[in-house]
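These are the residues of each chain, in order.
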Amino acid sequence: MPVITTIADLKRIHERRTPRMFYDYCESGSWTEQTFRENTTDFEKIRLRQRVAVDMSGRTTESTMIGQDVTMPVALAPVGLTGMQCADGEIKAARAAEAFGVPFTLSTMSINSIEDVAEATTKPFWFQLYTMKDTDFTSRLIERAKAAKCSALVITLDLQILGQRHKDLKNGLSAPPKMTPKTIANLATKWQWGIEMLSAKRRYFGNIVGHVEGVSDMAELGSWTAEQFDPQLDWGKVEKLMEQWGGKVILKGILDPEDARMAAKLGADAITVSNHGGRQLDGALSSIRMLPSILDAVGSDVEVHLDSGIRSGQDVLKALAMGARGTMIGRAFVHGLGAMGQQGVTTALEVIQKELDTTMALCGETDVKRLGRHNLLVPEDFEGRWQS
């Protein structure tokens, strides 16, 4: 067993172990990948204030997210195709999150279905919804999440049309993978992954296949999915989805103060500042750079979480100290899953918690809920001066 000290260690194992198309799906952005890169590099511009001669005993990273007790304010973000990074990936990630005490969010585009994950876990998880043109399917998806006792609905707002990810197109991304000569050659070097996938519960989109009329194989699924994302999604439709759900709602994909105010006006329990990990609008500002202006816009009207770019416990601390109430990690836990399955997700969470706890102590804090701008040194021009 290698010594794992950072998420980067897990990333290297993930790349060695997982087929190229699925690793690239995780570790890529749209177009030039500018936003994908700046999501992480902008965290590096924020520095920490070291404090000394402070009693560091009795530290805690415990907090709450939308009223739910959490071991640390970090949720596993919704990530599509997770069951292709590792056999039964969504189930393994959900179990790791449950045992650790943080929320897990199941993607609409998951391999394991809502029912699969509910059967394999004992505590409620969050469900992420993509709105589809097929309103009957969307309604039934919401009802299935209710039946599974999901504790929150995460409505993603920034994928009405699909941003172009060059690597996915060049790799011919599909689930299961298409058997082209290039894919076969790559799979031959990933024999351990292949053996494990033979015993996987599913190898296709479990929330869709068998739940949509006329979709029974990968060809039909691909054409249906490509046409289904709803370009007409507006705030009126979002409000109706919230009413149908009737429970706690997180609106994800907010990157502008005006949109944040609209989300708060609708009565969302939380908003997630996110640019879809740099996989949608390339050239958009990073999530951490946009966080202050969004917090200024909504004040205490709605709980604010931050997604996109977090790769360490220090990143979590910086987001919390900037004012976020919670955070989401996507690639960080997927690297763990692809590297070592359920244990890898647990390891990723342990790495992040240890970094968060140690950094908090060296900043002179003992309670994650008391972090604030007083713990940071932020460049005067961090938010930038932009004209529209």
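Quick note: structure is the one above.
### Some thoughts on the packing of helix H7 (residues 135–147) against helix H12 (residues 235–245)
When two helices pack together, their arrangement is given by the angle between their axes and by how far apart the axes lie.
Argument step 1. Packing of H7 against H12 leaves a shortest axis separation of 10 Å and a crossing angle of 35 degrees. For the pair H7 and H12, the crossing hand works out as right-handed. Here Thr138, Ser139, Ile142, Glu143, Ala145 and Lys146 of H7 come into contact with H12, specifically with Leu241, Gln244 and Trp245.
Argument step 2. For the contact of H7 with H12, the per-class residue count stands at four nonpolar, three polar and two charged.

### As for the pairing of strand E9 (residues 270–273)
Argument step 1. Of the two faces of E9, the one lined by Ala270 and Thr272 and the one lined by Ile271 and Val273 are each fully buried.
Argument step 2. The pairing of strand E8 (residues 249–254) with E9 spans four bridges and is classified as parallel. The residue bridging Ile250 from the neighbouring strand is Ala270, located in E9.
Argument step 3. With helix H14 (residues 287–298) bridging E9 and its parallel neighbour strand E10 (residues 303–306), the resulting β-α-β unit is right-handed.

### What to know about the nonpolar core
Argument step 1. Within the largest apolar cluster, 111 residues are counted, with the highest numbers of intra-cluster contacts made by Leu76 and Leu251.
Argument step 2. Apart from the residues lying within four places of it in its own chain, the contact partners of Leu76 are Ala93, Ala97, Val102, Pro103, Phe104, Thr105, Ile329, Phe333, Val345 and Leu349.
Argument step 3. If you look at the next biggest cluster of nonpolar residues, it comprises eleven residues, including Ile66, Ala77, Trp126 and Ala270.

### What to know about the sheet that holds E9
Argument step 1. Spatial ordering of the open sheet is given by E4-E11-E10-E9-E8-E7-E6-E5, a layout of eight strands whose pairing is parallel. What marks the edges here is a single partner per strand, and that holds for strand E4 (74–76) and strand E5 (105–106).
Argument step 2. Sheet analysis places E5 next to strand E6 (residues 126–129), joined by two bridges and oriented parallel. Bridging across to E6, Leu106 finds its partner in Phe127.
Argument step 3. Packed onto the sheet, H14 meets E8, E9 and E10 and runs at close to 175 degrees relative to E10.
Argument step 4. Where helix H16 (residues 331–362) meets the sheet, its contacts fall on E4 and strand E11 (326–329), and the angle it forms with E11 comes to roughly 155 degrees.

Reading the values: rules and limits
- Each chain carries its own residue numbering, running from 1 in the written order of its sequence.
- Note on the predicted model: pLDDT of at least 70 is required for a residue's local features to be given, and 80 or more for side-chain atom pairs to be given and counted; whole-chain, interface and lining totals, by contrast, use all residues.
- For side-chain calculations, the full set of non-hydrogen atoms in the structure is used, while hydrogens and water are omitted.
- Here, axes are lines fitted to C-alpha atoms. For helices the fit covers the stretch in contact, and angles between N-to-C directions go from 0 to 180 degrees.
- Secondary structure counts use DSSP, requiring at least four H or I residues in a row for a helix and at least two E residues in a row for a strand, with both numbered from the N terminus.
- Here is the rule for handedness: rotate from the far helix to the near one, and if that takes an anticlockwise turn smaller than a right angle the crossing is left-handed, while a clockwise turn gives right-handed.
- Here, two residues are considered to be in contact whenever any of their heavy atoms come within 4.5 Å of each other.
- Side-chain classes follow a simple rule in which Ala, Val, Leu, Ile, Met, Phe, Trp, Tyr, Cys and Pro form the nonpolar group, Asp, Glu, Lys and Arg form the charged group, and the remainder, Gly included, forms the polar group.
- Each residue gets one of three labels from its accessible area relative to the maximum for its type: buried under 20%, exposed over 50%, partly exposed in between, using a 1.4 Å probe on protein chains only.
- Strands qualify as paired when DSSP identifies two bridges or more between them.
- Whether a crossover is right-handed depends on one test, that the path from the first strand over the helix to the second runs clockwise when the strands point away from the viewer.
- The nonpolar core is taken to be a set of buried Ala, Val, Leu, Ile, Met, Phe, Trp, Tyr and Cys residues, with the residues joined through side-chain atoms within 4.5 Å.

Without other data, these values stay purely geometric and don't point to any function.
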